[in-house]
Amino acid sequence: MSQVDFPILSLLTFLPLVGVAVILSVRGEDAVVASNARWAALWTSMIIFLISLLLWVKFDQSNPGFQFIETAEWLPQVGLTYKMGVDGISVLFVMLSTALVPICILASWESITVRVREYMIAFLVLETMMVGMFSALDFMVFYIFFEGVLIPMYLIIGIWGGPRRVYAALKFFLYTLAGSLLMLIALLAMWDKAGTTDIVTLMHTTFSPQVQTWLFLAFFASFAVKVPMWPLHTWLPDAHVEAPTGGSVILAGVLLKMGAYGFLRFSVPMLPDASAKFAPFIYALSIVAVIYTALVALAQTDMKKLIAYSSVAHMGVVTIGIFTFNAQGISGALFQMLSHGVVAGSLFLCVGVVYDRIHTREIARYGGLADRMPAYALAFMLFMMASVGLPGTAGFAGEFLVLVGAFKVSFWLALLGSAGMILGAIYMLYLYRRIIFGSITRADLRGILDLSPREIAIFAPLAVVTLWMGVYPSSFTNFFEASVAAMVEHHQAALAVTSKLAGVIR
Amino acid sequence: MLLAIAVMAPLFGSIFALFIGRILGDRTAQAATIACMVLAAICGMTSFVELIYGGAAPGVVSLGSWVSASDFHVDWALRFDALSVSMVAMVTCVASLIHIYSVGYMSHDKTIWRFFSYLSLFTFAMLMLVTADNLLQLFFGWEGVGLASYLLIGYWYDRPSACVAAMKAFIVNRVGDLFFAVGIALVFVTFGSIEFTDIFAAIQRHQSDMYHVLGADFRVYEVIGVLLFLGAMGKSAQLGLHVWLPDAMEGPTPVSALIHAATMVTAGVFLMSRMSPLMDYAPGALGFVTVVGGSTALFAATVACTQNDIKRVIAYSTCSQLGYMFVAAGVGAYQASMFHLLTHAFFKALLFLGAGSVIHAMSDEQDMRRMGGIWKLIPITYVMFWIGNLALAGVPPFAGFYSKDAILEAAWASHSLSGHYGFWCGLIAAFLTAFYSWRLMIMTFHGAPRADRNTMEHVHESPWVMVVPLLLLSVGAVFTGYAFHEQILGADWREYWGTAIQIAPTNHVLLRMEEVSSLVTFAPTVLGLAGIALAYVFYMFKPEIPVMIAEKFGPIYRFSYNKWYFDELYAAIFVRPTLWLAKALWQVDADIVDGMPNGVAALTTSGAQQIIKIQTGSIATYAFVMLIGVVGLVGSFLIFR
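Definitions and cut-offs
Numbers given for residues are sequential positions, taken from 1 along each chain in its written order. Each chain is given a letter, starting from A, and each ligand a number, starting from 1, according to the order in which they appear as written. In keeping with the predicted nature of the model, local features appear solely for residues at pLDDT of at least 70, side-chain atom pairs appear and are counted solely at 80 or more, and the whole-chain, interface and lining totals rest on all residues. Derived side-chain values reflect all non-hydrogen atoms in the structure, with water molecules and hydrogen atoms excluded from consideration. Each helix is a run of H or I in the DSSP string that is no shorter than four residues. Each strand is a run of E no shorter than two, and both are numbered from the N terminus. Here the term buried applies to any residue with accessible area under 20% of the maximum for its type, exposed to any over 50%, and partly exposed to those in between, with areas from a 1.4 Å probe on protein chains only. When checking whether two residues touch, look at their non-hydrogen atoms; a contact exists if any pair is within 4.5 Å. To be clear on the numbers: accessible area is Shrake-Rupley with a 1.4 Å probe, and residue cover counts the displayed protein chains and nothing else. Restricting the calculation to C-alpha atoms gives the radius of gyration, and the globule rule supplies 2.2 Å times the number of residues raised to the power 0.38. Note on charges: Lys and Arg go in the positive column, Asp and Glu in the negative column, and His and the chain ends are not counted at all. The atom standing in for a charge is NZ when the residue is Lys, CZ when it is Arg, CG when it is Asp and CD when it is Glu. In this analysis the probe radius is 1.4 Å and the grid spacing 1 Å, with only protein atoms considered; a cavity is a set of points the probe fits into but cannot get out of, a pocket is an open set with protein on both sides within 12 Å along at least five of seven lines, and lining residues have an atom within 4 Å of a point. Grid points are joined across faces, edges and corners, and a volume is the space filled by probe spheres set on the points. Polarity classes work like this: nonpolar for Ala, Val, Leu, Ile, Met, Phe, Trp, Tyr, Cys and Pro, charged for Asp, Glu, Lys and Arg, and polar for all others, with Gly in that last group. Each of two parts loses accessible area, computed with a 1.4 Å probe, when they are put together; buried area is these two losses added. Whenever a carboxyl oxygen of Asp or Glu lies within 4 Å of a side-chain nitrogen of Lys or Arg, that contact is scored as a salt bridge. Side-chain atoms alone can form a polar contact between residues adjacent in sequence; in general such a contact is a pair of N or O atoms within 3.5 Å, and within protein one must be able to donate a hydrogen while the other accepts it. Pairs were defined over the aromatic rings of Phe, Tyr and Trp, the Trp ring being its six-membered one, requiring ring centres within 6.5 Å. Orientation was assigned from the angle between planes: stacked under 30 degrees, edge-to-face over 60, tilted for the rest. Two limits define a charge over a ring: the Lys NZ or Arg CZ must be within 6 Å of the ring centre, and within 35 degrees of the ring normal. Patch building starts from residues that exceed 30% relative accessible area and form no salt bridge, then joins like charges within 9 Å and nonpolar side chains (Val, Leu, Ile, Met, Phe, Trp, Tyr) within 5 Å. Defined by distance alone, a disulfide is two cysteine sulfur atoms within 2.5 Å. Two strands are counted as paired when DSSP detects at least two bridges linking them. Axis lines are fitted to C-alpha atoms, over the contacting stretch for helices. Their N-to-C directions set the angle, which ranges from 0 to 180 degrees. Note on terminology: angles under 35 degrees are roughly parallel, angles over 145 are roughly antiparallel, angles of 65 to 115 are roughly perpendicular, and the others are oblique. Definitions for this section: a left-handed crossing has its near helix turned counterclockwise from the far helix by less than a right angle. A right-handed crossing has that turn clockwise. Per-residue confidence from the predictor is reported as pLDDT, a score between 0 and 100.

Draft legend 1. Spotlight on the overall build of chain B. Along chain B, the regular secondary structure elements total 28 helices and 4 strands. Looking at chain B residue by residue over its 641 residues, the buried ones come to 61%. Sequence separation of at least 24 residues holds for 80% of the intrachain contacts in chain B that already meet a minimum separation of 6. A total of about 24,200 Å² of accessible surface is found on chain B, and carbon and sulfur atoms cover 70% of it.

What follows is the structure, given as C-alpha cells:
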C-alpha cells in the first residue's frame, strides 16, 4: 500500500546511523575531525529532511489509516513484528523531528567545541530514535525507540550541559525511566491479552473496564512524566537549563510531544472507557498546569527556566484538547503540539543566541538589546507573539481549537484552560521587555553583535513556518483531519458499546 | 477586488518599510507606506461610493481557507457591505492623513522606517477587523491592532514608562480578549458556524436556546452578548478595562491619533453593530452595555476636567465619547452609534494631531500648566482646535452635534431604565465635555505665557505636511455630521445600511427619536454652551476660582485628579498579589513539588549508605548469614510442607 517504492520510514529511521558510521570513520587532527563531523552531520540530517519531504507530498490526506506500511518478521513465536507506518497523527511529527535536527546541528556549530564528533553522533542517534518512535506500528518497537531516546538525550545533557548537568541528566533519566517501566508492564499485560503487540490490532481489541483502568494508570505514569503534566514536571526546567541549546530545542520540540503522542496513540484509542473516566482528573491537572506554571514562569530569573515553565503551561492546553475527545479539541491539541515544537524550539534558539555571546541566562544581565540587535529583536518578537498565541502566528489555531473543543465539554474548562491567553502575555512580554527593551547599561552589551548569517539561516525557515502555520494552518490540519475524525468516531462507538453492555447487565 | 486592495496595500507597505525601507532609507520607507495608504484610501473611497451610491451589491470576497477542524471551518474572507465600507473609507482616509502628518512630526526620529511600518501594520489590522466575514477573522484583526498598539505605544522602548504602558495595553486588552474568544466558542457551539451570514440566517431558530452557567439558565444570546461585550470593553476602554488607554499616550502623538480616533478603540463599538442582529435579541446584555457605556461617559468626563497633560485630557475625552457610542448601541440605535464613531474619528483625529502640533511647537512640552499665550503664534493650529472642540462639544452645525444629539435622543426614547440612566450620564457628560474642552483650549492658548523664554522663542507653526492633514480633517469635522445624518439615521436608514445592521421588529428606537420633546433635543446643546461659558469664567476671567474649588473640595478634586484611583486599586488587588503569588508558587514548586522526588532520591542514597555497612567483606560473616538463611528456608519448607 506504500505510495513510494522503497521503505521510506525505515530509511528515515536508520539513515542517521549511516551518518554516524561516516563520522566514526574520520581520522586526523581534532579540528579536522570536528569540522568534518559537523559537515557530515549537517549533510546527513539535511538529506534525511529532504527525503522526509516525500512524506509531505505522497501522504494521502483522505486516508484515515496507516500509510507507508512496512512489515518484517521479527519474533513470530511471540507475536512480535517489525512494523512501521504513519497516519495523519504521526506523519507530521516525523517531519518535525527531521526538520529540527539540522537546525539543532547548525545551532551547535560554534557553541559546541569539545567532543564535537561525539555530540554529532549523539544527535544522529537521537534522530533515529525519534523518527523510529513516531513511525513504529508495533508496541514493542515503539517501546524500544521510546526508551532509546533517553540515552542520547541523557548524554547530551550530561556531557555538554551546564554546571549542574549531571544532576539534571540523572533526574531526567530516572524520572522518565520510572514512568516507562510501568508502561512496559502494561505492554506485557496487553500482549498477554491480545497475543500480539501490533498497534493496529490492539486498537481494535476491547479490554474490560477494570483492566483498562489499570492499563490507563500505567500508561499515565509514563506519558504524564513525558508531557510533562503537573506535578511531574520538575525534571523539565532543570533539564532545559542545563542542556546545550540544541538539546533544549529537541527536548522542547520533539521529546515533550512524545507523552501527548502516547496519549493519542495508546490511551485514548485503546482504553476509551478509562480515558473517559479519567478525563476530569486530566482536566484538573491541566488547568493547574496552565495557571500554576504560568505564574511560576512569571517569577523566573533565568530565561531558559521561564521558557521551560511556559512549555509546561502550553502542554497543559494540549492535554485538555486530547481529553475533550472531540474533533476540535484533538485537532487543536495536535496543532498546538506542532506549533509548540516550532515556537518553543525557536525561543530556546533565541536564548542560545545571547547565551553564546554573553554566557549567562540571567534575565537581569540583559536589557536594551533592540538598539544593537534589531534583527534579533524582530525574530524574538515574532516567536514571542507566536508563543502568546497571536492570530496569524503558529500559536493561535491550536489554542483556539482547543478552546472550542473544551467549550463543548464545559464553560469553565474553556475559560480556565484559556487563562494562558492572559498569563502567557504577562510573562512573555515581561521577559521581552527586560531583555530587548530599555537602554543598554552594561558595558559588555555595548559591543554585542546582531544575528550572524548562520543564525539568520536558522531563524528564517522557523519564522516562515511560524507565519505559515498561522496564516494557513489548514495545510497542516488537513493531514490529520481524517485520522482525527476516525479516532473520534472510534472513541464514541466504543463508549456506546460499553454503555449498551452496562444496560444489558442491569 | 478594490476592497481587497484597500485592505492589503497597507500590509504591503508595512512589510516593505520593515525589510527594504530599512536598507534604502527613511525617505523610501515613507514614500512607500504613504503611497500604499493613499492607494488604499482611493480604493476604500471608491468601494464606499460604489456600494452606497453606485448600487453595487454587497457580497463576500473569499481569499482562501484558514482554520478548519471537522465541522469547524473558517475562511479568510472580506465582507463588502455598508458597515465595512463605511469603516474602510474612514479608516483609510484618516490613516493616510496621519501617515502624511507623521512625516513632519517624526522627522527627527532615529528609526523612521520602523515607525511607518508599524503605522501601516496597525491600519492593516484594523482593516482586517472591519472587513472580516467571520468572528475569527475579526479576532485576528482585533489581536492585530493589539499587537500594533503594543509596538507603537512602546515605540520609544528606551523609556521605561513607554514599555510599561505598552505591556499594560496589551495585557489589559487580553483580559477582554479571553472573554471574546470564549464568546466565539459559544457562538460556534450555538450556531455551528462563526460566519456572519450563517449566524444571522439562524437568529430566529436559536431564539429560545438556553445556556447553563454560573448556576442558572440564561438565554444563550444574553450570554453571548455579555461575553462579546466584555471583549469590547477591553478594546474600547470601557470602565474597568479602561486603564490602558490614558497610558497609551506614551506613544508618539500620531499613534495616539490613530489609536483613539480611527482604529482600535472603535473596534468594540463596531463589534456591537456588526453583531446587531444577535445583540438586538439580547435585551439583558444590551442593558448592561448601556449602563457600562453611560458610566464610562460620565466617569471619563469627570477625570478629564482635572488632568493637566494635554494628551491625557483628550484621551479621557475619547474614553467618554466611546461610552456614548455604547449607550447608543445598548438602546438599539446602532446607526447612531456608528454615526458617532465616524464623526468622532474625524474630530478626534483633528484634536490629537492638533495637540501634536502644539507639542511640536512647544519643544515637546505636554503639560498645559507650562503653556499659554501662544494662539497668535500658531494661528492655524488654534483654529483647528476650535473646530475640533466645537464638534466634540456638540455645537451645531458641527459634526458632533448631529451624532451626539442622536445618541441622547435615542437613550431618552428607549423608555427603559438603563436607557434613562445612559441619558442622564450622557447629559451631564455633555456639559463636562464642553467644560474640559475649553479649559484645555484656554490653558493651552490663552493667558500669559507660562513656558520658559527659550521655548517661547521657538514656538512656530508646523510645516505644511502637518498642517494640510489638519485642514482636511477639519473639513470632515465640520461637514460629516450634516452631510450624512439624514442617510444614516433617517427613516430610510435601510437604504444606506442595507442588511449590514439588522434590528428586531420590536426595536422602534429610531422612529421614537423623532417624537422626543424638544427639551431633550436642545438640552445637550444648551448644557454644552453653558460648559463653555463656565470654562471661560473659570480659566479666562477668574482663574482664582478653580484654585479655590480645588482647595475647598480637596478630596473630590484629588479623586478626579487621580483618576478615581483605578491604577492604585488594580495594583493592590491584581498586580501585587499576582507577583506575590508567582514568587510563592515558585517556592512551592522548588521546595514541595520538586522536593518530593529529590527527597526520595536522598532517601535512597542515604539508605544505600546504611546498607553498605552490611557488606563487611568478611567471608566468615557471609557464610554465617548464608547458613542461617538456609536453615530458615529448609525449616520453613519442612514445617509448611
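Draft legend 2. Inspection of the overall build of chain A at higher detail. The helix and strand tally for chain A stands at 22 helices and 2 strands. A compact globule built from 506 residues would reach a C-alpha radius of gyration of about 23 Å, and chain A, at 22 Å, matches this within 12%. Scored against the burial criterion, the 506 residues of chain A give a buried share of 66%. Of all intrachain contacts in chain A linking residues separated by at least 6 positions in sequence, the fraction that spans at least 24 positions is 82%. A gap of 8 Å separates the mean positions of the 28 positive and 27 negative side-chain charges of chain A.

Draft legend 3. Just the layout of surface pockets, in detail. Taken as a whole, the second largest pocket spans an internal volume of roughly 1,100 Å³. What lines the second largest pocket is a set of 29 residues, among which I426(A), I171(B), F574(B), V575(B) and T578(B) lie closest to the centre. Looking at the lining of the second largest pocket, the elements that each hand over two or more residues are α12 (272–298), α18 (411–417) and α19 (420–435) of chain A together with α6 (160–191) and α26 (566–593) of chain B. Here the element with the most residues in the lining of the second largest pocket is α6(B); it accounts for 8 residues. Taken together, the residues of the lining of the second largest pocket break down into 23 nonpolar, 2 polar and 4 charged.

Draft legend 4. Spotlight on the interface of chain B and chain A. Listed by partner, the interface residues are 55 residues for chain B and 63 residues for chain A. Between chain B and chain A, a total of about 5,200 Å² is buried, with carbon and sulfur atoms accounting for 74% of that surface. Contact with chain A buries surface across chain B, with Y157(B), R174(B) and W586(B) losing the most and accounting together for 13% of the total. For D594(B), the salt bridge identified is with K171(A), shortest N-O distance 2.7 Å. Inspection of the chain B/chain A interface yields 18 residue pairs in polar contact (both at pLDDT 80 or more). Of all elements in the fold, only α1 (2–24), β1 (59–69), β2 (72–80), α5 (135–153), α6, β3 (210–213), α26 and α27 (595–612) of chain B reach the threshold of two or more residues within the side of chain B that touches chain A. A per-element tally of the side of chain B that touches chain A places α6(B) first, with 17 residues. Of the residues in the side of chain B that touches chain A, the class split is 41 nonpolar, 5 polar and 9 charged.

Draft legend 5. Highlighting the pattern of salt bridges. For the structure shown, the criterion picks out 18 salt bridges over all chains. In this structure, R357(A) and E455(A) form a salt bridge, with 2.8 Å as the shortest nitrogen-oxygen distance. One end of the pair, R357(A), is in helix α14 (residues 327–358); the other, E455(A), is in helix α21 (residues 453–471), with 98 residues separating them in the sequence. Note on E455(A): relative accessible area 5%, which makes it buried. For K168(B), the salt bridge goes to D567(B), with nearest N and O atoms at 3.0 Å. Taken as a pair, K168(B) in helix α6 and D567(B) in helix α26 lie far apart in primary sequence, 399 residues in all. Relative accessible area serves as the criterion here: at 27%, D567(B) is assigned to the partly exposed category. Shared partners join several salt bridges into a network, and the residues in it are R79(B), D81(B), D133(B) and R274(B).

Draft legend 6. Spatial organisation of the environment of G323(B). Residues and elements named next belong to chain B. Its place among the elements puts G323 in helix α14 (residues 310–330). According to the relative accessible area criterion, G323 is buried, its value standing at 0%. Note: C-alpha distance between G323 and P252 (71 residues apart in sequence) is 25 Å. Not counting the four nearest positions on each side in its chain, G323 is found in contact with Q238, G293, G294, T296 and A297.

Draft legend 7. Representation of the packing of aromatic side chains. Scanning the model with the defined rule gives 92 aromatic pairs over all chains in all. Ring geometry for W56(A) against F479(A): centres 4.6 Å apart, planes inclined by 45°, an arrangement best described as tilted. Taken as a pair, W56(A) in helix α2 (residues 30–58) and F479(A) in helix α22 (residues 474–505) lie far apart in primary sequence, 423 residues in all. Overall, the relative accessible area of 1% leaves F479(A) in the buried class. Relative to F484(B), the ring of F48(B) lies with its centre 6.3 Å away and its plane at 75°, an arrangement referred to as edge-to-face. With F48(B) in helix α2 (residues 26–52) and F484(B) in helix α20 (residues 464–489), the pair connects residues that are 436 residues apart, well separated along the chain. The buried category is assigned to F48(B), whose relative accessible area is 9%. The class of F484(B) is partly exposed, set by a relative accessible area of 22%. The residue whose ring lies beneath K226(A) is F146(A), and the NZ or CZ to ring-centre distance is 4.2 Å.

Draft legend 8. Examining a negative patch on the surface more closely. Residue and element names in this part refer to chain B. Negative charge collects at one region of the surface, where E486, D492, E495, E514 and E515 lie side by side. Secondary-structure assignment places E486 in helix α20. Owing to a relative accessible area of 55%, E486 belongs among the exposed residues under this scheme.

Draft legend 9. Region of the structure containing unusual backbone geometry. Going from V227(A) to P228(A), the amide bond is cis rather than trans, its omega being -15°. For P228(A), the location among the structural elements is in the loop between α9 (209–226) and α10 (235–242). One non-glycine residue with positive phi stands out, namely A237(B), at about 55°. Its location among the elements puts A237(B) in the loop between α8 (220–235) and α9 (244–247).

Draft legend 10. Local environment of the state of the cysteines. By the definition in use, this model includes 0 disulfides over all chains. The cysteine C163(B) is free of any disulfide, with C350(A) supplying the nearest cysteine sulfur at 18 Å.

Draft legend 11. Examining the pairing of strand β1 (residues 67–75) of chain A more closely. All names here are of chain A. Examined bridge by bridge, β1 and strand β2 (residues 80–86) share 6 bridges and lie antiparallel to one another. Bridge assignment links L75 to a residue of β2, and that residue is L80. Between β1 and the antiparallel strand that follows it, β2, lie 4 residues; G79 among them carries a positive phi value of about 80°.

Draft legend 12. Seen up close, the packing of helix α6 (residues 150–160) of chain A against helix α7 (residues 165–194) of chain A. All names here are of chain A. Packing of α6 against α7 brings their axes to within 7 Å, and their N-to-C directions diverge by 160°. As far as their axial angle goes, α7 and α6 are roughly antiparallel. Crossing hand, α6 versus α7: right-handed. In this structure, α6 uses L150, M153, Y154, I157, G158 and I159 to contact α7, whose residues at the interface are R165, V166, A168, A169, L170, F172, F173, T176 and L177.

Draft legend 13. How the structure looks around the confidence of the model for chain B. Averaged over every residue, the pLDDT of chain B is 88; residues scoring 70 or more account for 100%. Across the interfaces of the predicted complex, the ipTM metric reaches 0.91, alongside a pTM of 0.92.

Draft legend 14. Fine view of the environment of I199(A). Residue and element names in this part refer to chain A. Tracing the sequence through the fold places I199 in helix α8 (residues 199–203). Between the C-alpha atom of I199 and that of C104, which follows or precedes it by 95 residues, the distance is 31 Å. Apart from residues no more than four positions distant in its own chain, I199 is found in contact with A136, L137, D138, F139, R265, F266 and M270.

Draft legend 15. Main features of the side chain of R38(A). All names here are of chain A. Looking at the secondary structure, you find R38 in helix α2. Of the side chains with opposite charge, E110 comes closest to the buried, unpaired R38, at an N-O distance of 8.2 Å. At 2.8 Å, the side chain of R38 and the backbone oxygen of W109 are in polar contact. Separated by 3.2 Å, the side chain of R38 and the backbone oxygen of I112 make a polar contact.

Draft legend 16. Spotlight on α6(A). Considered for burial, the residues of α6(A) that qualify are L150(A), P152(A), M153(A), I156(A), I157(A) and W160(A). Next to the buried residues of α6(A) lie α4 (116–135), α5 (139–148), α7, α9, α10 and α11 (245–270) of chain A.

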